[in-house]
Amino acid sequence: MSHYLKIPTVIQSSIDAHKKWMQLLNEAEHLVAEDADLQSKAAKGLCLKQRNVPPEILGRLYAQYCDVINRMYDSYLSSVHLQRAPYILDIVTVIWKRLYELRKELVHIIVNDYIYVDGALFMLKKTPYDIQIVIPYHFPLESRSEGMEQLLQTMWAEAERRKNEPELDQTNSQLLEEDYLHSKTERSTFKSVAQVPLQMESESTIIAEEFIQATIIQKHERYRKFFIEDFKAKCRRRKLYFTEKREKEASEKIMIWAALLIQRVYRSYMRSKREKVLNYKRDVLLGILPDPARKGLDLEEANNKLYERRRKIRKDMKEKYMKEMEREKSRLILLTKDNQIDDITEHVMEWFKEWYEGYGFFPQFPYETEGGTVMVIREDYPYIEEKIEEDEKLAQLMKGKTKEMLKQEQKAALEEAKMREELAKEQKLKEAEMLFKQRCNPLADPGYKPQQSQHTGSISEALQKYRAAWSIHDRFPDWSPSTVYGYLQSVLTEELMSQLHVECRRYVDELMRLDLKLLIKMQQLMYKRIGLKFPKLKPRKMPAVKLPSKPLDITDRMLQNIQIVFDLNIISKPTAKIKDIFGDLNYKAYEQNIADPNAKFPPPAYGDIRRRLTLSCVFGSGIEPGAVRNKSVMLLGPERHGKSFMVDAVCGELNAVKIDISPEVTSAVVSRPAKVLSEVLVAARMFQPAVIYMRNVERVFLKKVPPENRYLKAKKLKRPLTKLLKQMSADDKIIFIATCSNPFGARRKPMLALFSEVLLVPTTDYASLHGFFFEKFQRIRSMPRDYCVSALAQVLQGYGFGVILELFDKIMTPERIVRLNVTPLSQLEFLESLIEAGIEAITSEEYQEYTDFFIANSPLSKERDEYDVINKYRASIYEKIYKDEQKKLNA
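The shown structure was predicted, so the numbers you read here are calculated from the model rather than taken from an experiment. (Residues numbered from 1 in each chain as written. Predicted model: local features only at pLDDT ≥ 70, side-chain atom pairs only at ≥ 80, totals over all residues. Heavy atoms only, no water.)

**Q** It is not clear to me how the pairing of strand E8 (residues 757–760) should be interpreted in this structure. Could you clarify?
**A** The side chains of a regular strand alternate, residue by residue, between the two faces of the sheet. Covered by surrounding structure in E8 are Glu 757 and Leu 759 together with Val 758 and Leu 760, the residues of both alternating faces. When strand E4 (residues 632–636) meets E8, the two strands line up parallel, connected through four bridges. Looking at the pairing, Leu 635 lines up with Leu 759 of E8. (Buried < 20%, exposed > 50% of the residue type's maximum accessible area, 1.4 Å probe, protein only. Helix = DSSP H or I, 4+ residues; strand = E, 2+ residues; numbered from the N terminus. Pairing = 2+ DSSP bridges.)

**Q** Help me out: how do you make sense of the packing of aromatic side chains in this one?
**A** Note on aromatic pairs: each is described by the distance of the centres and the angle between the planes. This model, assessed by the stated rule, comprises 40 aromatic pairs. Ring centres of Phe 139 and Phe 619 lie 5.7 Å apart, and the angle between their planes is 65 degrees; on these two criteria the pair is classed as edge-to-face. Within this pair, whereas Phe 139 is found in helix H5 (residues 138–142), its partner Phe 619 is found in the loop between helix H21 (609–618) and E4, the two being separated by 480 residues in sequence. The class of Phe 619 is buried, set by a relative accessible area of 0%. Ring geometry for Tyr 527 and Phe 534: centres 5.3 Å apart, planes at 85 degrees, overall edge-to-face. Owing to a relative accessible area of 16%, Tyr 527 belongs among the buried residues under this scheme. A connected cluster of aromatic rings, assembled from ring pairs, spans Trp 351, Phe 352, Trp 355, Tyr 356, Tyr 359, Phe 361, Phe 362, Phe 365, Tyr 381, Tyr 527 and Phe 534. Arg 612 extends its terminal NZ or CZ atom over the ring of Tyr 114, reaching a point 5.2 Å from the ring centre. (Phe/Tyr/Trp six-rings, centres within 6.5 Å; stacked < 30°, edge-to-face > 60°. Lys NZ or Arg CZ within 6 Å of the ring centre and 35° of its normal.)

**Q** In this structure, what is going on with unusual backbone geometry? I would like to understand it.
**A** Only a minority of non-glycine residues have a phi that is not negative, and only a minority of peptide bonds are not trans. That bond from Asp 596 to Pro 597 is cis: its omega, 10 degrees, falls within 30 degrees of zero. Tracing the backbone through its elements, the reader meets Pro 597 in the loop between helix H20 (589–593) and H21. Cis rather than trans, the peptide bond between Gln 688 and Pro 689 has omega equal to 5 degrees. As for its placement among the helices and strands, Pro 689 is situated in the loop between helix H23 (673–686) and strand E6 (690–694). Even without being a glycine, Arg 640 presents a positive backbone phi close to 55 degrees. Locating Arg 640 in the fold gives a position in the loop between E4 and helix H22 (643–654). Taking relative accessible area as the criterion, Arg 640 reaches 40% and is therefore assigned partly exposed. Located in the positive-phi region is Asn 696, a residue other than glycine, with phi close to 50 degrees. When you line up the elements, Asn 696 lands in the loop between E6 and helix H24 (718–727).

**Q** What exactly am I supposed to notice about the sheet that holds strand E7 (residues 734–740) here?
**A** What holds strands together in a sheet is hydrogen bonding between their backbones, with the strands either parallel or antiparallel. If you trace the six strands from one edge of the open sheet to the other, you get E3-E5-E6-E7-E4-E8, paired in mixed fashion. The open sheet terminates on both sides in strands that have one partner only, identified here as strand E3 (571–572) and E8. Of the strand pairs in this sheet, E4 and E7 are connected by five bridges, and their pairing is parallel. Residue pairing for E7: Val 633 is matched across the bridge by Ile 737.

**Q** Help me understand the side chain of Asp 35, please; the structure alone is not making it clear to me.
**A** Inspection of the secondary structure assignment puts Asp 35 in helix H1 (residues 12–43). Engagement of the side chain of Asp 35 in a polar contact is seen with the side chain of Gln 39, the distance being 3.1 Å. If sequence neighbours within four positions are ignored, Asp 35 has contacts with Leu 61, Tyr 65, Arg 98 and Thr 456. (Polar contact = N/O pair within 3.5 Å; in protein donor to acceptor, adjacent residues only side chain to side chain. Contact = heavy atoms within 4.5 Å.)

**Q** Sorry if this is basic, but what is going on with the pattern of salt bridges here?
**A** If charged atoms from side chains of opposite charge come close, those side chains can pair. Tallying each qualifying case throughout the model produces 35 salt bridges. Lys 315 is the salt-bridge partner of Glu 146, the closest N and O atoms lying 3.6 Å from each other. With Glu 146 in helix H6 (residues 146–164) and Lys 315 in helix H12 (residues 299–359), this residue pair connects regions lying 169 residues apart in the sequence. Lys 393 serves as the salt-bridge partner of Glu 389, at 3.8 Å between the closest nitrogen and oxygen. With Glu 389 and Lys 393 both in helix H14 (residues 384–398), this residue pair falls four residues apart, about one helical turn. Residue Glu 389 is classed as partly exposed on the basis of its relative accessible area of 43%. Relative accessible area serves as the criterion here: at 54%, Lys 393 is assigned to the exposed category. One salt-bridge network, held together by shared partners, links Arg 51, Asp 445, Asp 596 and Arg 874. (Salt bridge = Lys/Arg side-chain N within 4 Å of Asp/Glu carboxyl O.)

Next up, the structure:
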């Protein structure tokens, strides 16, 4: 180990973390073997016949993979070994691909977009909360570099400075609508962000929160003093008019004796009280008793503190590691670079010689995108025998045929391939029809055949790659502390030698390409001298290689152009988290989904949306390479059901910037919304991860625009929005999330064509509201601990969380919280305010319209119809079987 890094004397926590990782690695290998065994049995003809068995078997794998991902992220964050961490992330990436594959398969088995695996959880002795994917601690911290974060803060500060100036910047003022700025009618309907700096301070007075709290405290302190004086006056009146007068007072001697007794007893009591307090403080300091004044950390906060400590350790080690890498690289270049170049040159020349002597011609040099002559070392380049065999086959194929005959043969081969594809499609349709008929009869149902995975082999390869690199170090972790802390010098040297070899080979390949051209030219001259024609060799096909995306080059002109995004005040940075979304899970959906034949699909509970947001929006934004990429997601649901807050929660988990492109702040304010949206995309790429947000996207696709919404000019955003989504690349960590509250009056096809996925937002249910009110009231110390919230949760079902939060803030004001000890809280206070507002709850029939719209426009629409038909036929057959059994029993 280098002298730059000092290993602590006590690294027991790192050793324990390494042991947990080794145990998890063994469990992951066992899980992958179990998954591969199921697929091999399915390939041999295994079918899961009963309806509840496939969700249970595949759900078990899904739950185990979720648990493995959570624990692997924990191992990555707990590790303080720099060279081992990338291998952990590579394994997690391929496991993510298999997880999404299993989820897609479960969706088509249950025919429900919200999947439930309660049967598997019962077998594993877990709860649904145990398999919820936890957003890793390092995601928001490593999402954006410190330089870009500082640039973002600078742009915000400059935007605030421009707001305070008397006139807007000339480049941004050209985009503002002149008629909008001077029209009083539109100004009363919507207030532009650009107008705010033009107002006088006297028009909108802002009262500080501290002043409001001080006023409330002062008011109640005055009331307390009044209450004390009033109570004393009442005591004096009672003593004067109602208490009995003593006929004879005690003697002075007895009064002195009583006073001394009271004094002695009180002093003894205070002495014992002080001793008791001192003893209690001593026990708290010694750790014998817990400190009630100290706020305890929950599990998440304690883990985050540990992760942050390990992260700082890794950051310090990274600096020392980079210094050591530079020093070692300089040493290796000085000692081995010349020898490496000579060895590689000799190897390439020997390769040329082998081909010339064995084939008669020089080989075609591998392309640079293929790795150059590294292909020869990896044995990916064809051998001489293979090339000779290929030439013989080509000669036999071309023997006695003209070019026209070859073209006809190619045309016939293409037609035959098309015919085979059509026959395969017809065969597939016939098999599907046959399977549909068999599934209608429970006695003839062949069952479900698990699909073959495309990623199980990749997981095994990633695990084997880790074992090959680290098995020799993992077997003996005790004799070398550097195997669990810091980095290994031997591994560092091997990595640098590998990099140096690649650099040297790239340099040698450039020279040898020139030498090969000279050799081929000399061979052509030799053929010409002896009177032979040099044969025309078929060049190798250049492989299609995906070019890496170019990094965004930030210029002063670019920064000047995106100032409009900050001046319109449409970019923000929410801090909410997905855990802040209140809601319980639906515990009865699993049994109803797998019921045979009366399968039902109850609406999801409000807490079920958390898992969908995590998989579809957070990991689907491109921040995790193994997750399925979603460029755009729609949140479909009734108004004021928390959809905007869900977008804020996604932004908070990603540490992403939120850019609002709703019509209120774009098309209604600026004259060229297409220009603004193009700058929005530039700003999103610059400060990614980013979430581009639009409220009520159906207004862009309305068939008939209401008069009150014409000032928005929302239809202007249709083409720019489509163009924006097309320009988003798969490598960008950008996601477009839009809410939709009234899709029934919009053009469905063009609207839904914009989105990769649609999430149906659940309505509020009893369990979710019960947990919400219980949690809110428990945070108020003046509230009784046993306050009944069941009545509120029962009555307020169907009201969106937007309405409920507004109602709660309206009732539970600071003044009302202070008066709780005098006037207890009544449930009628919530109902009275709700009735005064005139807001009605969403009924089950109204929410069913959203569900029907979602199913009708989802990939599950056809499968859901077929599933209903299958259930009807199976129900009639089960009824016949039941009647036959009853007849046998009666006979």
